[in-house]
Amino acid sequence: LSNNFIFLGRGFNYPIALEGAMKCKEIAYIHAEGYPAAEMKHGPIALIDQFMPVVVIAPKSDHCYEKIRANIEEVNARSGATIAITEDDNLELQEICEYVIYVPRTHEFLMPLISVIPMQLLSYMMGVLRGNEIDHPRGLQKTISSLVESSPTGAARAAAE
C-alpha cells in the first residue's frame, strides 16, 4: 500500500475528494490530500510518480468531463496510478485508468452522494489491509467524547454522576 494519496474532484465533487482524503487519513492512517481537479497543475502534479496513487471522481455527466479526462492523462504521463470513480456505463476510462470503480448513473447534483460511498469503502479496506482498528480510529474517540460532554445533556449527565 502507498503511504500517500491524492484525491481530485471538480465542482460538486471537490468536497467529496476532500472527504475521501479525510477518511483515508482517519481510517487508513495514510497521508492524503484532496484538490480541485482544475488546480492539479499548481502543485500536486509535482508529487505524482509511480508511488503516488490518484483517485479521480470522473462522472461523464460533468460538463468538464474532458478536462477531468485530461487530468487523468497527465497523471499517466508521470507514471502515476489512477483510480477513477465514474458511472457504470462509462467504459472509456478502462483504457486510461489502472482501476475504475463504477457507481450508478444519476443526476449531476446527486453524484457526490453516490461517489462518497466508494471513497469510504476504499479507506475502510485500506485500513483493514494495514491492520488498523477500524471501529476505534485513533483520536476520534476523544473528539466524540468532548462533544458529548460539552452538550447541555452531556453536562447534566456528567453533573449527575
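Located above this text is the structure these notes cover.
Note that the structure is predicted; figures quoted are calculated from it, not measured. (Residues numbered from 1 in each chain as written. Predicted model: local features only at pLDDT ≥ 70, side-chain atom pairs only at ≥ 80, totals over all residues. Heavy atoms only, no water.)

K.L.:
Just give me the short version of helix α1 (residues 14-28), but keep the residues and values in it.
P.N.:
Taking 1.5 Å of rise per residue, 15 residues should cover 21 Å, and α1 covers 21 Å from first to last C-alpha, within 8% of that figure. Restricting attention to buried positions, one finds in α1 the residues Ile16, Ala17, Gly20, Ala21, Lys23, Cys24, Ile27 and Ala28. Along the axis of α1, the buried positions cluster into a sector of 160°, meaning they face one direction only. Packing partners of the buried residues in α1 comprise β1 (4-9), β2 (31-36), β3 (53-57) and α3 (111-129). Positive phi shows up at tyrosine 29, right after α1, with a value of about 55°. (Helix = DSSP H or I, 4+ residues; strand = E, 2+ residues; numbered from the N terminus. Expected span 1.5 Å × (residues − 1). Buried < 20%, exposed > 50% of the residue type's maximum accessible area, 1.4 Å probe, protein only. Arc of directions from axis to C-beta. Contact = heavy atoms within 4.5 Å.)

K.L.:
Outline unusual backbone geometry, supporting the account with residue identities and numerical values.
P.N.:
Only a minority of non-glycine residues have a phi that is not negative, and only a minority of peptide bonds are not trans. Located in the positive-phi region is tyrosine 29, a residue other than glycine, with phi close to 55°. Mapped onto the fold, tyrosine 29 is located in the loop between α1 and β2. Using a relative accessible area of 23% as the deciding quantity, one classes tyrosine 29 as partly exposed. For serine 79, which is not glycine, the phi torsion reads 65° and is therefore positive. Summarising the element assignment, serine 79 is placed in the loop between α2 (65-77) and β4 (81-87).

K.L.:
For the pattern of salt bridges, give the residues involved together with the corresponding values.
P.N.:
Evaluation of the coordinates by the stated rule reveals 8 salt bridges. As a salt-bridge pair, glutamate 73 and arginine 69 come within 3.6 Å of each other at their nearest N and O atoms. Of the two residues, glutamate 73 and arginine 69 are both situated in helix α2; the distance of 4 residues between them amounts to about one turn of the helix. Glutamate 73 gets classed as partly exposed once you look at its relative accessible area, which sits at 39%. Judged by relative accessible area, which is 16%, arginine 69 ranks as buried. For the salt bridge of glutamate 87 with arginine 105, the shortest nitrogen-to-oxygen distance reads 3.8 Å. Of this pair, glutamate 87 sits in strand β4 while arginine 105 sits in the loop between β5 (99-103) and α3, and the two are 18 residues apart along the sequence. Several salt bridges share partner residues, and in doing so they unite Lys60, Arg69, Glu73 and Glu92 into one network. (Salt bridge = Lys/Arg side-chain N within 4 Å of Asp/Glu carboxyl O.)

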